[in-house]
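# Per-entry structural report
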Amino acid sequence: MKRVIIGLSGGVDSSVAAYLLQQQGYEVIGLFMKNWHDDSVTISDQCPWLDDSNDAMLVADKLGIPFQTVDLSEQYKERIVDYMFHEYEKGRTPNPDVLCNREIKFDVFMKIAMDLGADYVATGHYCRKGTIQKEGENIYQLLAGVDNNKDQSYFLCQLSQEQLSKALFPIGELTKPEVREIATELGLVTAEKKDSQGLCFIGKVKLPDFLQQQLKPKEGIIVEIPSELSIYSQTETEFNSEEEKLKYLSRKIEYKVDFGKIVGKHQGAHYFTKGQRKGLGVGGTVEPLFVIDTDVEENVIFTGQGKEHPGLYKKALFVSNEELHWIRKDLELQVGDTMEVKARIRYRQTLENATLYKVESGLYVKFENFQSAITEGQFVAWYIEDELIGSGVIS
């Protein structure tokens, strides 16, 4: 009998995943990961992880499976929280959920599971795993979940073949309503529980609030950039190579204060991210202001009116070799190669047509249509049909 250790989060998805594994004849053990308990940053009196671990325990009890809590907060702080601050201070916007899967659930947690004699680790993600044979070797595929509305393959875009080989995603074939229905029939305490929002570790705390407690406020100016700026209407038609053109399309415009007018003040450029609308506190414009860029060195936020502002749109992005990751190593591009794919630059974005171009220093992703708020530090993931084959950090 194969042993599976499932990360029980206290949510409905992992609860039903545990039940399905039982039905499939696995020996199932539930582990709750405690990732965070720095009391200096709890914003409210609620201690969400206690409620969650309690719910996870009740579910394990109901299903009759062994249960324990593992404390991963030390590794979490080191690998996720410190990394996030570091990224924010550099003016990039990290994605903690992608990192949490790569570094915690499918690394630290997986090692603990293997030490406990597990054959597999399972989670309640809405995605599927496929296996194909190629030259006598097993190759593992990361496939989108059946529920288009809930597909979470993007969050697992940094997994390796090794990690996938030991992973199971029991609810990937189901839709969210079906999962809730099963939980209700079983009388699980999590059946009606709302989906958790916010970070995968601080429960109900919103990211900016959490950051603001850690990164010191520093007053700076908000500059509004007019959409008629000449820099936007420059068209360079003469390129000596495709690579030059891609470099141009993915370039970062260096905004200066005198390109626009000062319209307000902010408490720290590192709290803001490209495409953000809320929290600027500047009124009186015809259309709302959106952040088009931040300069953390000079502590300036550049904004533009309306979500059609040209400063928000780009057709291409670049991923450096160090931050490039192929789940399907066998499909990896060599310098000079191109590939037609579907890609997304954020969770739940619809997949967009794109072409990958491999160059010496990394990889360009060129979209068919303009993309809004391509954000440094976030992940771009690319697919062939419903299979996620690779990803990278937008640089």
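Residues numbered from 1 in each chain as written. Predicted model: local features only at pLDDT ≥ 70, side-chain atom pairs only at ≥ 80, totals over all residues. Heavy atoms only, no water.

The subject of this paragraph is the packing of aromatic side chains. Across all of its chains, the model carries 8 aromatic pairs by this definition. Centroid distance W326 to W382: 5.5 Å. Interplanar angle 70°. Geometry classified as edge-to-face. Taken as a pair, W326 in strand 13 (residues 324-326) and W382 in strand 17 (residues 379-384) lie far apart in primary sequence, 56 residues in all. Residues W326 and W382 agree in their burial class; the two are buried. Taken together, Y154, F155 and Y347 form an aromatic cluster joined through their ring pairs. Positioned above the aromatic ring of Y248, the side-chain terminus of R251 is 4.0 Å from the ring centre. If you follow K315 out to its NZ or CZ, it ends over the ring of F370, 5.1 Å from the centre. (Phe/Tyr/Trp six-rings, centres within 6.5 Å; stacked < 30°, edge-to-face > 60°. Helix = DSSP H or I, 4+ residues; strand = E, 2+ residues; numbered from the N terminus. Buried < 20%, exposed > 50% of the residue type's maximum accessible area, 1.4 Å probe, protein only. Lys NZ or Arg CZ within 6 Å of the ring centre and 35° of its normal.)

Taken as a whole and assessed by the stated rule, the structure comprises 21 salt bridges. For the salt bridge of R79 with E103, the shortest nitrogen-to-oxygen distance reads 2.9 Å. Taken together, the positions of R79 in helix 3 (residues 73-89) and E103 in helix 4 (residues 96-115) put the pair 24 residues apart, joining distant regions of the chain. With relative accessibility at 28%, the residue R79 sits in the partly exposed group. Among the ionic pairs, E162 bridges to K166, the shortest N-O distance being 2.7 Å. Classification of K166 by relative accessible area gives partly exposed; the value is 22%. Ionic contacts of the salt-bridge type, sharing partners, join the residues R79, R102, E103, D107 and K111 into one network. (Salt bridge = Lys/Arg side-chain N within 4 Å of Asp/Glu carboxyl O.)

What sets the pattern is the α-helix's 3.6 residues per turn: residues three or four places apart point alike. In helix 4, a bend of some 30° at F109 exceeds every other bend along the element. Counted residue by residue, helix 4 has 14 buried out of 20 residues, so it is predominantly covered. Its side-chain oxygen at 3.0 Å from the backbone nitrogen of D97, N95 defines the N-terminal cap of helix 4. Positive phi appears at G117, one or two residues downstream of helix 4, with a value of about 80°. (Bend = angle between axes of the 7 residues up to and from the residue. Polar contact = N/O pair within 3.5 Å; in protein donor to acceptor, adjacent residues only side chain to side chain.)

With that out of the way, let us pick up the environment of Q234. Within the fold, Q234 resides in the loop between helix 8 (230-233) and helix 9 (242-249). Residue classification places Q234 among the partly exposed positions, given a relative accessible area of 39%. Once the C-alpha coordinates of Q234 and L363 are considered, the two residues, 129 residues apart in sequence, prove to be 25 Å apart.

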